[in-house]
Amino acid sequence: MRIRFWPRLTLRRKRAIWGYVFISPFIIGFIAFFLGPMVQSIIFAFNELTIKAAGFNLTYVGWENFRYALRVDPDFVRVFTETTIQILVDLPAIILFSFFAANLLNQKFRGRWMARVVFFLPVILTAGIVYRFESGDILTEVLDYVPEEAGGVFSVSQSMMGLLLILRMPTWFVQYIVTAVERVPDIINASAIPIVVFLSALQGIPSSLYECAAIEGATGWETFWKITFPLVSPLFLTNIIYIIVDSFTRPGNTLVELINDSAWGRGIYGVSVAMTWMYFGVIALILVLVFLLLAKRVVYMEE
Amino acid sequence: MAAELGRKLEEMPEVRRKSRFLTSHFYGETLWALVRAILVAGICYIIIYPLLIKLSSSMMTENDMYDMLVKWIPRKLNYDSIVQNYSLLYGYMNYPKALFNSLILAATVALLQMISSALIGYGFARFDFFGKNLFFTLVILTLLVPPQMIMVPLFLNFRFFDFFGIMPVSVNLLGTYWPFILTSITGMGLRNGFFIYIMRQVFKGLPKSLEEAALVDGAGYLRTFATIMVPGAASAMLVVFLFAFVWQYNDYQFTRMYLSGSATFLPFALEQLTRTFDVEMYSKEYISILNNTGMIMFIAPLLLLYAFLQRYFIESIERTGIVG
């Protein structure tokens, strides 16, 4: 008779163990390459770090790194507020545009495949290095330069600003619209993956629901708000998270550039980590607010 | 046929109102199709515009840059100058070697990330175990933390790598591919959490019956995964591969941190161009042409890859595979 080393497992237990086996790479990686470094980064934020050939030295400095970032560093406060505002400006614009574009690409028309191929193209063109070259490129400048009287992008947004102000729109709203218009290419480029997410959700809505609505005599408008919108709503949260994550590596994020420069250029590691913690704090705050705002309005289809 | 029907309806007084509605509806549709076509074309133009600029610029000669009339199309398509632009860059960027290194690294990372996120995603999608939701929250958390937060500690960990003090002597893993390999197989690479999320959704969407049949017939869990689940999720896995490949190929910060900026990789080659141009004392205009040529050479492999894989990419969206 075979001797059983392992206790007999119920199917449930066995499946649970296999679950752990499958996600074990993540658990190991999380502890080794995320949790460990996170704890270290908290320590670094309160220490001065000097790297030597044989190891690194830590000197406890308390809140000095945070004080340095906020009081001494000439750029941090300005760049920090700018980046935060930029995220707040971009979030609604990207969400609205990608939702709109996904609905557009979900309709049937000639050349839809081509349009989709082009709309998702920005996914592969996200190189920060390319962006850095563009900003100093003379040809791009020449092409973007439009004489005032010719009515280029610049004057369009200017005259639109005047018009909106005449219509007695609140100033902050006008400002928002104008900045959003000027950032159209950036917003379109940042929307590629949110479009993918919305589009796949739109395609996942069972067509029987639409048929039902059509038979009952619902108009397109009603169908959109009563069926399409609620069923896609859980993905707004997904997309907001994605957009925020994407903004960390998006070229033109001046705060990230400043943090990198502090760490790798100026060698003040502690300060750069302190800056990142403040950045993360604001991001977390935004996410919590968004979550509180959306959580009740989101409709989950029963699985 | 439709027109005939329309005329007949028009003749009947009681349907006249309705038929007018019908036609207005028709006009509405046509108008919308027109607006839609303009919108789609406009957005496509905005997306392709930077690419077109670079392409046209890379085919110009220096004289075209001074010519006020030339904006898009060079005055004369000069085969020699195009060859000259590209071959100059070919030498400056050490193109074959840089391209080879970048492709190999990106392919390795993408392959490992694809495998690890499929395994992890499958674990989250199909098994119930204690703390599953907590672990999944942690996956999302790894995404939400700015990578800069853990960059310095990661750098130090790989510089003095001793695996939590288990190894007696610390080794320097910087300058090797090990940091990439280790973070990729453990699902901690660049935006790996996003891939785990995608794979989890994909596996959740696959029917359970085939898998159960395989298990009942005595296949082990790993074998079931490899022979039943992976083929079912193949197109989504290709999409993950595409994403991971693209992000690694474009990545500058982590690659520089792990391998130092002097290594022969395309992003560094592109960056070092500025210094080369300063030495060569080219005119501002010619530098612009060469820069654009360099960027085209940087992007071209990605465009090629996208051209091959876009079919799977769009198919997997249509089959509601990805993030349903």
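Residues numbered from 1 in each chain as written. Chains lettered and ligands numbered in written order. Predicted model: local features only at pLDDT ≥ 70, side-chain atom pairs only at ≥ 80, totals over all residues.

J.: Help me get a handle on the overall build of chain B, residues and values and all.
T.: Looking only at helices and strands, chain B features 15 helices and zero strands. Each of the 324 residues in chain B was classed as buried or not, and the buried ones make up 40%. Nonlocal contacts in chain B, meaning residues at least 24 apart in sequence, comprise 78% of its contacts between residues at least 6 apart. (Helix = DSSP H or I, 4+ residues; strand = E, 2+ residues; numbered from the N terminus. Buried ≥ 20, exposed ≤ 12 C-beta atoms within 10 Å, placed from the backbone. Contact = placed C-beta atoms within 7 Å.)

J.: Describe helix α1 (residues 11–45) of chain A, naming the residues involved and giving the relevant values.
T.: In this model, α1(A) (35 residues) spans 47 Å end to end at C-alpha, consistent with the 51 Å of a helix rising 1.5 Å per residue. A bend of about 55 degrees at A:I23 is the largest found in α1(A), and the proline A:P25 appears one to four places after it. (Expected span 1.5 Å × (residues − 1). Bend = angle between axes of the 7 residues up to and from the residue.)

J.: Give a detailed account of the interface of chain B and chain A, specifying residues and quantitative values.
T.: In this complex, chain B contributes 75 residues to the contact, which on the side of chain A involves 73 residues. Among the elements of the structure, α2 (13–58), α5 (95–126), α6 (132–144), α7 (148–159), α8 (178–185), α12 (234–250), α14 (266–280) and α15 (284–318) of chain B are those that each provide at least two residues to the side of chain B that touches chain A. Counting residues per element, the side of chain B that touches chain A draws most heavily on α15(B), at 15 residues. For the side of chain B that touches chain A, a count of residues per class yields 51 nonpolar, 17 polar and seven charged. (Nonpolar A, V, L, I, M, F, W, Y, C, P; charged D, E, K, R; others polar.)

J.: Just give me the short version of the nonpolar core, but keep the residues and values in it.
T.: Counting 132 residues, the largest nonpolar core has A:I195, A:F198, B:M199, B:V240, B:A244 and B:V246 as its most contacted members. Element by element, the count of residues in this core is highest for α5(B), at 13 residues. Two domains each provide a minimum of three residues to this core, namely domain 1 (2–58) and domain 2 (83–318) of chain B. (Core = buried A, V, L, I, M, F, W, Y, C linked by C-beta atoms within 7 Å. Domains from an automatic or database assignment.)

J.: Tell me what's going on with the domain arrangement of chain B, and back it up with residues and numbers.
T.: Residue and element names in this part refer to chain B. Partitioning chain B into domains gives domain 1 (2–58) and domain 2 (83–318). Between domain 1 and domain 2, the residue contacts involve four residues of the former and seven residues of the latter. The residue makeup of the side of domain 1 that touches domain 2, split by class, is one nonpolar, two polar and one charged.

J.: Let's hear about helix α15 (residues 269–295) of chain A: which residues, and what values?
T.: If you check α15(A), its first and last C-alpha atoms are 38 Å apart, about what 27 residues at 1.5 Å a residue would give, namely 39 Å. Residues of α15(A) that are buried include every one of A:Y269, A:G270, A:V271, A:S272, A:V273, A:A274, A:M275, A:T276 and A:Y279, and no others. For α15(A), the elements touching its buried residues are α1, β1 (47–51), α2 (64–72), α3 (76–106) and α14 (254–265) of chain A together with α7 of chain B.

J.: Could you give an account of the environment of A:T254, with specific residues and numbers?
T.: Residues and elements named next belong to chain A. By the element assignment, T254 lies in helix α14. Separated by 30 residues in sequence, T254 and A284 have C-alpha atoms that sit 19 Å apart. The residues touching T254, leaving out its near neighbours within four places in the chain, are V79, E82 and T83.

J.: Just give me the short version of the environment of A:N189, but keep the residues and values in it.
T.: Topologically, A:N189 is positioned in helix α9 (residues 184–190). Between the C-alpha atoms of A:N189 and A:L125, which are 64 residues apart in sequence, the distance is 8.6 Å.

J.: Just give me the short version of the pairing of strand β2 (residues 56–60) of chain A, but keep the residues and values in it.
T.: Residue and element names in this part refer to chain A. Among the five residues in β2, zero count as buried, and that is only a small part of the element. The sheet contact formed by β1 and β2 spans five bridges and is antiparallel. Residue pairing across strands places N47 opposite Y60, the latter belonging to β2. (Pairing = 2+ DSSP bridges.)

J.: Could you give an account of unusual backbone geometry, naming the residues involved and the relevant values?
T.: Residues and elements named next belong to chain B. Within the chain, N94 stands out as a residue other than glycine whose phi angle is a positive 55 degrees. By the secondary structure assignment, N94 is in the loop between α4 (79–92) and α5. Backbone geometry at R191 places phi at a positive 55 degrees, although glycine is not the residue there. When you line up the elements, R191 lands in the loop between α8 and α9 (192–205).

J.: Let's hear about the confidence of the model for chain B: which residues, and what values?
T.: Atomic detail in the predicted coordinates should be set aside for any region of low pLDDT. Residue and element names in this part refer to chain B. Confidence in the prediction of chain B, expressed as mean pLDDT, is 82, and 86% of residues score 70 or more. The element-level mean pLDDT for chain B is lowest in helix α1 (residues 2–11), coming to 63, with α5 highest at 93. With a pTM of 0.84, the predicted complex shows an ipTM of 0.81. (pLDDT = per-residue confidence, 0-100.)

J.: I'd like a rundown of the packing of α1(A) against α5(B), residues and numbers included.
T.: Relative orientation of the contacting elements α1(A) and α5(B) amounts to 140 degrees, with a least axis distance of 8 Å. Classified by the interaxial angle, the pair formed by α1(A) and α5(B) is oblique. The two elements α1(A) and α5(B) cross, and the hand of that crossing is left-handed. Residue-level inspection shows A:G19, A:F22, A:I23, A:P25 and A:F26 of α1(A) in contact with α5(B), the latter providing B:S116, B:L119, B:I120, B:Y122, B:G123 and B:F124. Among the residues forming the contact of α1(A) with α5(B), the class breakdown is eight nonpolar, three polar and no charged. (Axes fitted to C-alpha atoms, helices over the stretch in contact; angles between N-to-C directions. Parallel < 35°, antiparallel > 145°, perpendicular 65-115°, else oblique. Left-handed = near helix turned anticlockwise from the far one by under 90°.)

J.: If you had to explain the confidence of the model for chain A to someone new, which residues and values would you point to?
T.: Residue and element names in this part refer to chain A. Per-residue pLDDT for chain A averages 80, and the proportion of residues at 70 or more is 83%. By mean pLDDT, the top-scoring element of chain A is α1 (90), and the lowest-scoring one is helix α6 (residues 138–144) (54). For the stretch residues 145–155, pLDDT sits under 50, and the model shows five contacts to residues farther than four places along the chain or on other chains.

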